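Observations on the three-dimensional arrangement
Given next are the chains, with one letter for each unit.
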2 protein chains.
Amino acid sequence: MKIPGRTVERLSKYRRLLLKYQHFRQAHIFSHDMARAFNLTPAQVRRDFMLIGIKGNHRKGYEVQKLIGKIGEAIDNNTTQHIALVGIGNLGKAVTTYLSVLDSKLKIVAAFDIDNQKIGKVLAGVSCYGIDELSVVAKEKQISIAVLTVPPDFAQDVANLLVSSGIKGILNFTSVHIVVPSNVYLKDYDIITSLEEIAYYTKSL
Amino acid sequence: MKIPGRTVERLSKYRRLLLKYQHFRQAHIFSHDMARAFNLTPAQVRRDFMLIGIKGNHRKGYEVQKLIGKIGEAIDNNTTQHIALVGIGNLGKAVTTYLSVLDSKLKIVAAFDIDNQKIGKVLAGVSCYGIDELSVVAKEKQISIAVLTVPPDFAQDVANLLVSSGIKGILNFTSVHIVVPSNVYLKDYDIITSLEEIAYYTKSL
């Protein structure tokens, strides 16, 4: 069964809250507490959990450990996936540093750039390769996902290279619209869009 | 009339495409061309335009200049808003550099940090102030929006300071859940959530 994108997003957020919550040694959590943390309705939270086959208990709520396990089974199958970072400037370094300290099923295993000053070095804890080595290194290190942080003008060319190197998922930070085949999962993050949305609501507050 | 968040997001994206499209000297664009660029249905695009009072022409499509103007009126009132960047590490620098070169109604006018090596300097084109000056500088420079790129442990404390300094919108990059009063518009961006969503779909591709 295919879970919708928005639900996967929410399940991922629930899990990160639950992983923190478990340190407080609470065995159970109520849907309305989860809902409040994310500005959702309790009904939405219950629907999401129902979708992955978990029912809560009216008096006690949901079992925290069971939720964490079931979300893992549903969204990441508990297998590690390897990520490449392409374009290691300020943003690339920030993302790499952030990901490398995380306890997650997602492992950043290589960075790529065209700058000879960077190639062959270890940057933010990750080995940097030339972009021309992408195809070989991607196969060798079983990389399935790429984070694209190259300058906008290079975005489409590098995306084409990623696709031909067998990358199956791309997180595009370039703010440029790129085109990929339908068998590659593309997700854009565009800071301007987020800021314009905030600006819109801020005006009327 | 209040436009829903998702619609504001899409309108912002449409406009950025249209601003590029106008360079090709095309006076009109069809809803299905817009739709294809964003993996939407043409009906969705038409509904969004209808919401801000624009109807297309069956034979010619929509007037590009009119769309750009109307989207501006609807989502940003064509007024400039001032942004502060709080926590100018790698990610903060990347965001600042990116925003400062953009031709946008959003202007980044100050950065804040606790590092004495940074305070008083110009970083990525923007003056850096001490976090203790936030309240004064925010008023002086009429800052309404803040981008939060501090380490996770400081997120809530800095958010409280932003709120008490009169900031009305926050883009939270810290990956930590923060709480703000209901008269402040908060938007989170969490790279892990995006990557877990990609990982989920990539598995089955």
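To be clear, the structure that these remarks concern was listed above.
Residues numbered from 1 in each chain as written. Chains lettered and ligands numbered in written order. Predicted model: local features only at pLDDT ≥ 70, side-chain atom pairs only at ≥ 80, totals over all residues. Heavy atoms only, no water.

Let's shift gears to the pattern of salt bridges. A side chain with one charge can pair with a side chain of the opposite charge if their charged atoms come near. Following the criterion strictly, the structure yields 16 salt bridges over all chains and no others. Between glutamate 196 of chain A and arginine 15 of chain B there is a salt bridge whose closest N-O contact spans 2.9 Å. On the criterion of chain membership, the pair formed by glutamate 196 of chain A in helix α8 (residues 191–203) and arginine 15 of chain B in helix α1 (residues 5–21) is interchain, its members lying in two chains. Taken individually, glutamate 196 of chain A and arginine 15 of chain B each receive the classification buried, so the pair is uniform in this respect. If you follow the salt bridges from partner to partner, you end up with Arg6, Glu9 and Lys187 of chain A together with Glu197 of chain B in one network. (Salt bridge = Lys/Arg side-chain N within 4 Å of Asp/Glu carboxyl O. Helix = DSSP H or I, 4+ residues; strand = E, 2+ residues; numbered from the N terminus. Buried < 20%, exposed > 50% of the residue type's maximum accessible area, 1.4 Å probe, protein only.)

A few words on the packing of helix α5 (residues 90–100) of chain A against helix α5 (residues 90–100) of chain B. Remark: α5 of chain A packs on α5 of chain B, axes separated minimally by 8 Å, with the N-to-C direction vectors making an angle of 150 degrees. Taken as axis vectors, α5 of chain A and α5 of chain B run roughly antiparallel relative to one another. In this structure, α5 of chain A crosses over α5 of chain B, and the sense of that crossing is left-handed. Residue-level inspection shows Asn90, Leu91, Lys93 and Ala94 of chain A of α5 of chain A in contact with α5 of chain B, the latter providing Asn90, Leu91, Lys93 and Ala94 of chain B. Partitioning the contact of α5 of chain A with α5 of chain B into residue classes produces 4 nonpolar, 2 polar and 2 charged. (Axes fitted to C-alpha atoms, helices over the stretch in contact; angles between N-to-C directions. Parallel < 35°, antiparallel > 145°, perpendicular 65-115°, else oblique. Left-handed = near helix turned anticlockwise from the far one by under 90°. Contact = heavy atoms within 4.5 Å. Nonpolar A, V, L, I, M, F, W, Y, C, P; charged D, E, K, R; others polar.)

The subject of this paragraph is the packing of aromatic side chains. Enumeration according to the criterion identifies 17 aromatic pairs over all chains in this entry. Ring geometry for tyrosine 185 of chain A versus tyrosine 201 of chain B: centroids 4.4 Å apart, planes at 10 degrees, classification stacked. Here tyrosine 201 of chain B lies in helix α8 (residues 191–203) and tyrosine 185 of chain A lies in strand β9 (residues 185–188), a pairing that spans two chains. Taken individually, tyrosine 185 of chain A and tyrosine 201 of chain B each receive the classification buried, so the pair is uniform in this respect. Pairwise contacts between aromatic rings join Tyr14, Phe38, Phe49 and Tyr62 of chain A into one cluster. (Phe/Tyr/Trp six-rings, centres within 6.5 Å; stacked < 30°, edge-to-face > 60°.)

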